[in-house]
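Architecture at a glance
Each chain, letter by letter, is given below.
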Amino acid sequence: LDEEPISGVVRDQRVNRYIEKLTGVLPNQASYASHPKIAPMVARVLDLWRQGEKVVVFCHYRETGRAIVRHLSEAFEKRLWGDAAERLGLDEKATRKAVVDFGARFDTEGGMRRPLNNELTRRLALYPELKSDEQALIQDVVRRFLRTPLFVGRYFDVHARSGERALQAAFGNKDISGIALGDKIDAFLKFIAKRCLPLERAQYLDALNRMQPGMRGELQVEKDDDLSLLRGVDVMPNIRLANGLVAQETRQRLMLAFNTPFFPEVLVASKVLSEGVDLHLNCRYLIHHDLSWNPSTLEQRTGRVDRIGAKAEVVSKPIEVFMP
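How each quantity is defined
- Each residue is numbered by its place in its chain's sequence as written, counting from 1.
- In keeping with the predicted nature of the model, local features appear solely for residues at pLDDT of at least 70, side-chain atom pairs appear and are counted solely at 80 or more, and the whole-chain, interface and lining totals rest on all residues.
- Only hydrogens and water are set aside when side-chain values are computed; all heavy atoms of the structure are taken into account.
- Think of it in three bands: with a 1.4 Å probe and only protein chains considered, a residue is buried below 20% of the maximum accessible area for its type, exposed above 50%, and partly exposed in between.
- For helices the rule is a DSSP run of H or I covering at least 4 residues; for strands it is a run of E covering at least 2, with both sets numbered from the N terminus onward.
- Note: the arc covers the axis-to-C-beta directions of the helix.
- It only takes one pair of heavy atoms within 4.5 Å for two residues to be counted as in contact.
- As defined here, a cavity is a set of points on a 1 Å grid over the protein atoms alone where a 1.4 Å probe fits but cannot get out. A pocket is an open set with protein on both sides within 12 Å along at least five of seven lines, and residues line them when an atom is within 4 Å of a point.
- Grid points are joined across faces, edges and corners, and a volume is the space filled by probe spheres set on the points.
- When residues are grouped by polarity, Ala, Val, Leu, Ile, Met, Phe, Trp, Tyr, Cys and Pro land in nonpolar, Asp, Glu, Lys and Arg in charged, and all others, Gly among them, in polar.
- Pairs of N or O atoms are called polar contacts if they sit within 3.5 Å, as long as, within protein, a hydrogen donor faces a hydrogen acceptor (for residues adjacent in sequence, only side-chain-to-side-chain pairs).

Let's shift gears to helix α8 (residues 163-171). Taken as a whole, α8 has its buried residues at Gly163, Ala166, Leu167, Ala170 and Phe171. All buried residues of α8 lie within an arc of 130° about the axis, which places them on one face of the element. Every exposed residue of α8 that faces more than 90 degrees away from the buried side is listed here: Arg165 and Ala169. Close packing links the buried residues of α8 with α4 (92-104), α5 (109-124), α6 (132-146), α7 (149-155) and α9 (181-195).

Below, the structure written as C-alpha cells:
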C-alpha cells in the first residue's frame, strides 16, 4: 500500500482464486532476505549499526517499510548474539545468559547501578540548569537503555569484576565517526541543558521515558504506535517504523528519541518524515530504499540529516547516502 488509502474490496471469486494461486507459488517471507535489493540494504544498515552509527531508511510503500523492519530485526538479532559470543568466547546460550545477567546488575546497588549513577552525577553537575527531578529522570533513562542486551552485548565486558572499569571501557567505545559513547551522552546532556527550553526538554525526556528498550515482543500500549502495526512480527526495539498509519504524536516521539544517543538507532520512514523534520543530531547515514520520480524528493529526504549543527558537521565527515 502507498501512503494513500485504498478503497473498495475485491469480491470477484475468480480474482480471489487467482490471488490464492499466486500467493501459493510466491517465495516464503524468509527467502526475500536474499533479494538483490533487500540484501545489500540490510547488510549496509547492519554494518553501520555494528560500528555505532544511526541510520535513516526511506521507502515509499507501507508494506515495504514493514518488510524492511522485519528483515532488519532478524539480521540484527542474529548478528548481536553472534558478535557477542565471539567477543566473549562463549557459546550462544552462555552468551545470552551472561549478557542478560550483566544487564540485571544495573538494577542493583552492588552491581552497575552505583557506578553509573556516580558517573552520571559527575557529568550532570556541569548543568545546574537541570532540576533535580530532570536529573533523576535522565539517570533512569540512561540506565534503562544501557542495561539492554543491545548495549551490553556490544559495549560491555561482562567478565569485568570492576563496574567502574567496565563502564569507562564502554563509554570509550567509538563509532566510525570517531565519537565515543560517553561523548554522545555528554553531548546529549549539554543539548538538553543548554539548547532546549523547558517545554522542549520535557518533550525529549518524555519521548525517551516512553520508549521501550526491552528485547523482542514488547509493544507500547498506544493502538496507533508503530510497533502495534507489526503485531505477530518479532521486532528489535532499536528499529522503529514511521509512516502515515502512525499517529503524529508517536512520530514526534520517535523523531525526538532518534536525535539522542538511545533508541531508535534505525528509523524506517515513509514520505511523512521527508520534509520539515530534523533527524541530524546523531545521524549522517541515509538510505533511499525506494526512489522517486522527482529528484527533489530525494534532496528533501537527505535534508533531514543535513542541517546546521548536524553530526556530519560536528565530526567534519560527509553525509553518506546509499541507494541500493
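With that settled, the discussion passes to the layout of surface pockets. Volume-wise, the largest pocket comes out at about 430 Å³. Looking at the largest pocket, it is lined by 18 residues, and the ones nearest its centre are Ala187, Phe188, Leu281, Gly309 and Val314. Counting residues per element, the ones that place at least two in the lining of the largest pocket are α9 and α13 (311-315). With seven residues, α9 is the single largest residue contributor to the lining of the largest pocket. A breakdown of the residues in the lining of the largest pocket according to their chemical character gives eight nonpolar, five polar and five charged.

A word on the environment of Arg87. Tracing the backbone shows Arg87 in helix α3 (residues 62-88). With 70 residues separating them in the primary sequence, Arg87 and Asp157 have C-alpha atoms 8.9 Å apart. Look past the residues within four positions of Arg87 in its chain and what remains in contact with it is Val152, Gly153, Arg154, Tyr155, Phe156 and Asp157. Engagement of the side chain of Arg87 in a polar contact is seen with the backbone oxygen of Val152, the distance being 3.4 Å.

Before going further, it helps to examine the side chain of Arg284. With respect to the helices and strands, the residue Arg284 is situated in strand β4 (residues 283-288). Overall, Arg284 belongs to the buried group, its relative accessible area being 3%. A polar contact of 2.9 Å, which involves the side chain of Arg284, links it to the side chain of Tyr285. Not counting the four nearest positions on each side in its chain, Arg284 is found in contact with Ile176, Ser177, Ala312, Val315, Lys317, Pro318, Ile319 and Glu320.

Purely geometric numbers; function is a separate question.
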